[in-house]
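# Inside the fold
Below are the chains, spelled out letter by letter.
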Amino acid sequence: MSRTIEALIKHTGATSEKKSASATSQTMKAIRIHNYGGPEVLHYEDAARPQPQADEVLIRVHAAGVNPIDWKVREGDMKDLWPHEFPLILGWDLSGVVEELGRGVSRFKIGDEVYSLPEPTRNGAYADYIVVREPEIALKPKSLHHIRAAAVPLAALTAWQSLFDTAQLQPGQRVLIHAGSGGVGHFAVQLAKWKGAYVFATASTKNQDLLRELGVDEPIDYTQQRFENVARDIDIVLDTIGGETQERSWSVLKKGGVLVSLVQPPSEDKVKELGVRAALLGAQPNGAQLAEIAKIIEAGKLAPVIDRILPLSEARRAHELSQSGHTHGKIALRVSNADGTVARKTETLR
Ligand SMILES: NC(=O)c1ccc[n+]([C@@H]2O[C@H](COP(=O)([O-])OP(=O)(O)OC[C@H]3O[C@@H](n4cnc5c(N)ncnc54)[C@H](OP(=O)(O)O)[C@@H]3O)[C@@H](O)[C@H]2O)c1
């Protein structure tokens, strides 16, 4: 088929097997920023609905996860690393339904329920629709509603890539997870336990029960105890905090151990001095790993904890909460209700 005829068929809507009836409107609702700044730069407004190109999938977003990276991008912290253009749709965590397929997409079909960490240099998921590259998508765990599934990809992939790809966690190893009650930490605790590790994790007093429920062997209340007095001979430290926490973490590592930081480049001098390894991790989109994570969720070995569910229009509130640094588990934005209507309620859910 020539390109021209293909374009004409698409224009007249004759490719109905590739496109559902509802994907006809040219606009959608989205949370966008037009410049960097505080929560007030988040605008709930109309935006053009994106079109999938070759090897891309148009997804109707049902829910979007909120992560600290969202407000860091909003504030301009990432501008030297990621060349975003304005207006920008934030949010790189989603669960939804495949609405349209670009040329060459073979692993998904219209109507599939999927979840994804989409490439964060592109427009995000605080919107009715998003276009995502095929390799960044996986079928969502069937046992999770979209709102819970949207809480998984970014934080769980970060935990997976830190513990398994970078630190090469082995059964029986001793792991210290800072902020075990946070978005990344609560997945890291569960994945480390799933792999057979002995887990220490830190959180404040109010989150000690949560740490125990997640399976932490030795919960540490960082407001009452110095973690280095409890956690010793550690094989792997997951540093989600940086600063003084990272500085004090070197002393708990055994020789040959690994410190993986999500927030701050580890000191090369300490690595040489102590005979340990260290890395600064940047989480990457990975549909194949998300498919593995879905299997572990379906097996009942991994589950997201949800602090708060807000409607998409309340993204400002979601950012303020995330920026407090003291939410537990994840915040999720409900983009559409099951019946397709706009979500308005605020809900709390474990
Ligand atoms: N490099 C990457 O690819 C990557 C990927 C994901 C995340 N990150 C970064 O990693 C960091 C963590 O992300 P997240 O999503 O897990 O954040 P989060 O969900 O906002 O973390 C909140 C948790 O941190 C705990 N916390 C705060 N201060 C603490 C301290 N001093 N010691 C121990 N726990 C403390 C809080 O527990 P209490 O309320 O009990 O204090 C809370 O449960 C963020 O800076 C994020 O940007 C980087």
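Notes on the structure follow. No experiment lies behind these values; they were computed from the predicted model shown.

### A word on the site of the ligand
Taken together, 26 residues form the shell around the ligand, and within it Ser204, Lys206, Tyr222, Leu281 and Thr327 come nearest. Taking Val184, its main chain carries an N or O atom lying 2.9 Å from an oxygen atom of the ligand. Thr327 is positioned with one of its backbone polar atoms (N or O) 2.7 Å from an oxygen atom of the ligand. Protein contacts shield 86% of the accessible area of the ligand, which totals 930 Å² for the unbound molecule. Mapped onto the shell around the ligand, the elements with two or more residues apiece are helix H2 (68–75), helix H4 (153–166), helix H5 (183–194) and strand S10 (198–203). The class makeup of the residues in the shell around the ligand is 11 nonpolar, 13 polar and two charged.

### Brief notes about the pattern of salt bridges
Counted according to the given criterion, the structure contains 18 salt bridges. Its salt-bridge partner being Asp128, residue Arg60 comes within 3.7 Å of it at the nearest N-O pair. Note that Arg60 is positioned in strand S3 (residues 56–66) and Asp128 in the loop between strand S6 (113–116) and strand S7 (129–133), a separation of 68 residues in sequence. Accessibility classification places Arg60 together with Asp128 in one group, the buried group.

### Concerning the pairing of S10
In terms of burial, S10 is largely enclosed, as five of its six residues are buried. Where strand S9 (residues 174–177) lies against S10, four bridges are found, and the strand directions are parallel. Across the sheet, Val175 pairs through a bridge with Val199, a residue of S10. For the crossover that starts at S9, traverses H5 and ends in the parallel S10, the hand is right-handed.

### Some points on unusual backbone geometry
Between Phe86 and Pro87 the backbone carries a cis peptide bond, its omega angle lying at -5°. Along the chain, Pro87 turns up in the loop between H2 and strand S4 (88–89). Of note, Ala179 is a non-glycine position whose phi angle comes to about 60°, a positive value. Summarising the element assignment, Ala179 is placed in the loop between S9 and H5. The phi torsion at Asp233 lies on the positive side, around 50°, for a residue other than glycine. With respect to the helices and strands, Asp233 occurs in the loop between strand S11 (218–221) and strand S12 (234–239).

Rules of the game
- Residues numbered from 1 in each chain as written.
- Predicted model: local features only at pLDDT ≥ 70, side-chain atom pairs only at ≥ 80, totals over all residues.
- Heavy atoms only, no water.
- Near = heavy atom within 4 Å.
- Polar contact = N/O pair within 3.5 Å; in protein donor to acceptor, adjacent residues only side chain to side chain.
- Areas by Shrake-Rupley, 256 points an atom, 1.4 Å probe, with all protein chains shown as cover.
- Helix = DSSP H or I, 4+ residues; strand = E, 2+ residues; numbered from the N terminus.
- Nonpolar A, V, L, I, M, F, W, Y, C, P; charged D, E, K, R; others polar.
- Salt bridge = Lys/Arg side-chain N within 4 Å of Asp/Glu carboxyl O.
- Buried < 20%, exposed > 50% of the residue type's maximum accessible area, 1.4 Å probe, protein only.
- Pairing = 2+ DSSP bridges.
- Right-handed = clockwise from strand over helix to strand, strands pointing away.

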